[in-house]
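Observations on chain architecture
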Amino acid sequence: MNLNPPILEIKNLKTSINENEILKDLSLAVNKGEIHAIMGPNGSGKSTFSKVVAGHPAYEIIAGDIFFKGSSILKLEPEERSHLGIFLAFQYPIEIPGVSNEDFLRLAYNSKQKFYNRPELDPIEFFSVINEKLKLVDMDPAFLGRNINEGFSGGEKKRNEILQMILLDSELSILDETDSGLDIDALKVISKGINTFMTPNKAIILITHYQRLLDYVKPNYVHVMQNGKIIKTGSAELAKELELKGYEWLK
């Protein structure tokens, strides 16, 4: 028995949606204290990978398994995976009219508290908790009263995702193109939040098209995904090589 299993281990995973196979014999191991970047052309399976780990019900698992801290999570619902410590930041965060950020964040936080039989917080208690987290992503407390992502700029939506990650204190965070559509100032704020959040007991997977995020958040490993599987793994230098050469040379 492995007393220190990877925080995430994917073994020979095959998945499909609408009878279309997307992930094809994908294997990956991520340990605590590691940051992994996944790069690859559009349609290579990167976003599918993130959704499958989070438990999106639209995808069918054909073969393989997903282990979180040594235990299979294939049969767990998305909310159970979240409570256990898996977080997914969406590439395109959705707007939810009529639901304030403060209510949403407090309910998400209290849902996890309840799962671990810890005391839930009332609105006043929660405000003191969330106020400290807001500083890490450079957001004004006034934004708590706004509806979720409604009228938010691209940078505000992405900062809101990072705020959720920090609040829920997730052990494994998968950030799906968190850097897309950000100007350089927003990218620096997001990167600072990620770096402050990262500890030796956590792991982060960055899905990105661009080297620039990796200038601010240094990965231990860079993986290239094509046609539903990882075809090459390297150090942070691999991302720089991809920036110069593209992906054709790997075929």
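Provided above is the structure to which this section pertains.
Residues numbered from 1 in each chain as written. Predicted model: local features only at pLDDT ≥ 70, side-chain atom pairs only at ≥ 80, totals over all residues. Heavy atoms only, no water.

**As for the layout of surface pockets**
One number sums up the size of the largest pocket: a volume of about 660 Å³. Around the largest pocket sit 25 residues that line it, and Ser82, Leu88, Phe90, Phe104 and Gln164 are the ones nearest its centre. It is helix 2 (residues 78-84) that contributes the most residues to the lining of the largest pocket, five residues altogether. Counted as a void, the second largest pocket has a volume near 210 Å³. In terms of lining, the second largest pocket is formed by 15 residues, of which the most central are Asn42, Gly43, Ser44, Gly45 and Lys46. Considered class by class, the residues forming the lining of the second largest pocket number one nonpolar, ten polar and four charged. (1 Å grid on protein atoms, 1.4 Å probe; cavity = no way out; pocket = protein on both sides within 12 Å on 5 of 7 lines; lining within 4 Å. Points joined across faces, edges and corners; volume = space filled by probe spheres on them. Helix = DSSP H or I, 4+ residues; strand = E, 2+ residues; numbered from the N terminus. Nonpolar A, V, L, I, M, F, W, Y, C, P; charged D, E, K, R; others polar.)

**Some points on the sheet that holds strand 9 (residues 172-176)**
Reading across from one edge, 6-9-10-3-11-12 is the order of the six strands in this open sheet, with mixed pairing throughout. The two strands at the open ends of the sheet, each matched to only one other strand, are strand 6 (86-89) and strand 12 (229-234). Mean inter-strand twist for the sheet, computed between neighbouring axes without regard to direction, equals 20°. Bridge count for strand 6 against strand 9 is four bridges, and the pairing is parallel. Looking across to strand 9, one finds that Ala89 is bridged to Leu175. (Pairing = 2+ DSSP bridges. Axes fitted to C-alpha atoms, helices over the stretch in contact; angles between N-to-C directions.)

**Focus: unusual backbone geometry**
For Asp138, which is not glycine, the phi dihedral falls at a positive 55°. Here Asn149, not a glycine, exhibits a phi torsion of approximately 65°, which is positive. Overall, Asn149 belongs to the buried group, its relative accessible area being 2%. (Buried < 20%, exposed > 50% of the residue type's maximum accessible area, 1.4 Å probe, protein only.)

**Some details on the environment of Ile22**
Counting through the fold element by element, Ile22 comes out in strand 2 (residues 20-30). Each residue touching Ile22, except ones within four places of it in the same chain, is listed here: Thr15, Ser16, Ile17, Gly45, Thr48, Asn227 and Gly228. (Contact = heavy atoms within 4.5 Å.)

**Topic: the nonpolar core**
Grouped together as the largest cluster of nonpolar side chains are 42 residues, with contacts concentrated most on Ile130, Ile162, Leu175, Ile204 and Leu206. Counting residues per element, this core draws most heavily on helix 5 (residues 154-168), at six residues. Setting aside anything within four residues of it in sequence, one finds Ile204 in contact with Glu34, Ile35, His36, Ser173, Leu175, Ile194, Phe197 and Met198. Counting residues in each nonpolar core, the second largest holds 26 residues, with Val52, Ile73, Leu88 and Ile205 among its members. (Core = buried A, V, L, I, M, F, W, Y, C linked by side-chain atoms within 4.5 Å.)

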